[in-house]
Amino acid sequence: MAKQRKRPEETDLDQLKHLAGVFLELDIVPTKLSPVVVKHPFTDSGVVGIPGKAGELLMVNLLDDPEALQSWKELCRQQIKEADTPFKIALMITKPYQFAFLKYAASVLSEQDLAHFLTHAWICTEMPNGDPNLSKRQLLSMFRSIDPQKLMDADEYAVFCELDEVVTVYRGVTSYNEENLHALSWTLDRKTAEWFAGRFGESGTVYEAQISKAHIHAVFLSRGESEVIVDPKHLTDISPVREQAQGLQMNF
């Protein structure tokens with residue numbers, strides 16, 4: 001069994017900036033909605049504003065203007081250089097690339113900064129359980145390695161501390177994710193699970209399960225979902241909820 005690398009006490013900010021510079025040099029990937037919508041670690045749009053020679057704001061197309069692309073990259077490099085905290089770099093990375101960046105950044109992050117990066121990536125990513133850059137095993141290993149209090153704000157940690165020793169959790173699935181029942185993400189709130197089971201106009205299924213508090217690694221409340229991060233291997237008594245409320249709506 002490979003020995004787990006010891007986490008640094010302080011984040012290597014220089015290495016993190018170097019990594020950000022590498023991600024900046026990745027090609028911009030066009031989409032069907034290009035140039036308005038593209039894929040890149042530092043922009044979601046190929047149309048961006050850069051300062052002109054007289055200080056005016058110029059709207060440029062990064063896909064068609066090599067000179068504008070280089071000017072935009074130079075602005076990004078300057079932002080990376082001026083970042084005085086690791087999390088400011090995390091905030092520069094677009095949502096689709098959060099876990100890809102975390103995958104390579106994790107080894108130079110302190111426990112506290114890893115907690116910030118992981119929580120931010122998890123909450124802002126649409127389907128973190130299915131992100132191809134970090135497997136379920138890798139994500140679970142990260143959550144396990146962090147003091148739960150570092151992952152949560154004060155309100156979330158208070159809820160976490162008040163959990164019973166055995167907790168009932170729920171998960172709503174539809175046809176697109178019904179095979180991912182043993183996921184890290186469940187909820188304490190049955191109505192939330194019912195909403196997920198009914199989104200996209202589908203009539204999905206709500207499951208409930210039991211899990212020991214010892215195998216719950218975080219509670220996240222910021223999206224109004226009462227989400228819990230669990231070790232799915234320790235879920236027991238998984239079964240569909242027979243009666244589900246109809247026509248539920250969630251306000252975010």
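Residues numbered from 1 in each chain as written. Predicted model: local features only at pLDDT ≥ 70, side-chain atom pairs only at ≥ 80, totals over all residues. Heavy atoms only, no water.

Next up on the list: the layout of surface pockets. Of the volumes computed, that of the second largest pocket is approximately 540 Å³. Along the wall of the second largest pocket there are 26 residues; nearest its centre are Glu-126, Pro-128, Phe-196, Arg-199 and Glu-225. Within the residue set of the lining of the second largest pocket, elements represented by two or more residues are helix H5 (111-124), strand E5 (166-173), strand E6 (185-187) and helix H9 (190-198). Tallying contributions element by element places H9 first for the lining of the second largest pocket, with 4 residues. Considering only residue class, the lining of the second largest pocket consists of 11 nonpolar, 9 polar and 6 charged. (1 Å grid on protein atoms, 1.4 Å probe; cavity = no way out; pocket = protein on both sides within 12 Å on 5 of 7 lines; lining within 4 Å. Points joined across faces, edges and corners; volume = space filled by probe spheres on them. Helix = DSSP H or I, 4+ residues; strand = E, 2+ residues; numbered from the N terminus. Nonpolar A, V, L, I, M, F, W, Y, C, P; charged D, E, K, R; others polar.)

Going residue by residue along strand E9 (residues 227-230), you find Glu-227 and Ile-229 tucked away on one face and Val-228 and Val-230 tucked away on the opposite face as well. Bridge count for E6 against E9 is 3 bridges, and the pairing is antiparallel. Bridge pairing in E9 links Thr-187 to Glu-227. With 4 bridges joining them, strand E8 (residues 216-220) and E9 adopt antiparallel strand pairing. (Buried < 20%, exposed > 50% of the residue type's maximum accessible area, 1.4 Å probe, protein only. Pairing = 2+ DSSP bridges.)

Formed by 63 residues in total, the largest nonpolar core has its most connected members in Phe-42, Trp-72, Phe-101, Leu-102 and Leu-118. Residue contributions to this core peak at 6 residues, all from H5. Aside from chain neighbours lying at most four places away, what touches Leu-102 is Leu-109, Leu-114, Phe-117, Leu-118, Leu-134 and Met-142. Within the second largest apolar cluster, 5 residues are counted, among which are Tyr-170, Ala-197, Val-206 and Val-241. (Core = buried A, V, L, I, M, F, W, Y, C linked by side-chain atoms within 4.5 Å. Contact = heavy atoms within 4.5 Å.)

Glancing now at the packing of helix H4 (residues 98-105) against H5. Running from N to C, H4 and H5 cross one another at 160 degrees; their axes reach a closest spacing of 9 Å. In terms of their interaxial angle, H4 and H5 are classed as roughly antiparallel. Note on packing geometry: the crossing formed by H4 with H5 is left-handed. Contacts between H4 and H5 involve Gln-98, Phe-99, Phe-101 and Leu-102 from the first element and Leu-114, Phe-117, Leu-118, His-120, Ala-121, Trp-122 and Cys-124 from the second. Along the lines of polarity and charge, the residues of the contact of H4 with H5 split into 9 nonpolar, 2 polar and no charged. (Axes fitted to C-alpha atoms, helices over the stretch in contact; angles between N-to-C directions. Parallel < 35°, antiparallel > 145°, perpendicular 65-115°, else oblique. Left-handed = near helix turned anticlockwise from the far one by under 90°.)

Turning next to the pattern of salt bridges. Under the definition given, this model contains 10 salt bridges. The salt bridge partner of Lys-88 is Asp-84, with a shortest N-O separation of 2.8 Å. For Lys-88, a relative accessible area of 41% gives the class partly exposed. The network of salt bridges with shared partners includes Glu-25, Lys-73, Glu-74 and Arg-77. (Salt bridge = Lys/Arg side-chain N within 4 Å of Asp/Glu carboxyl O.)

Moving on, we come to the packing of aromatic side chains. Taken as a whole, this structure holds 8 aromatic pairs when the rule is applied. Both rings, one in Phe-23 and one in Tyr-104, keep their centres 6.4 Å apart while their planes meet at 65 degrees; by these two values the pair is edge-to-face. Of this pair, Phe-23 sits in helix H1 (residues 13-24) while Tyr-104 sits in helix H4, and the two are 81 residues apart along the sequence. Ring geometry for Trp-122 versus Phe-143: centroids 5.5 Å apart, planes at 85 degrees, classification edge-to-face. On the criterion of sequence distance, the pair formed by Trp-122 in helix H5 and Phe-143 in helix H6 (residues 136-144) is long-range, its members being 21 residues apart. Look at Trp-122 and you get buried, because its relative accessible area is 0%. For Phe-143, a relative accessible area of 1% gives the class buried. Three or more aromatic residues link up through ring pairs in this structure, and these residues are Phe-23, Phe-87, Phe-101, Tyr-104 and Phe-117. Of note, Lys-213 hangs over the ring of Phe-160, and the distance from its end group to the ring centre comes to 5.6 Å. (Phe/Tyr/Trp six-rings, centres within 6.5 Å; stacked < 30°, edge-to-face > 60°. Lys NZ or Arg CZ within 6 Å of the ring centre and 35° of its normal.)

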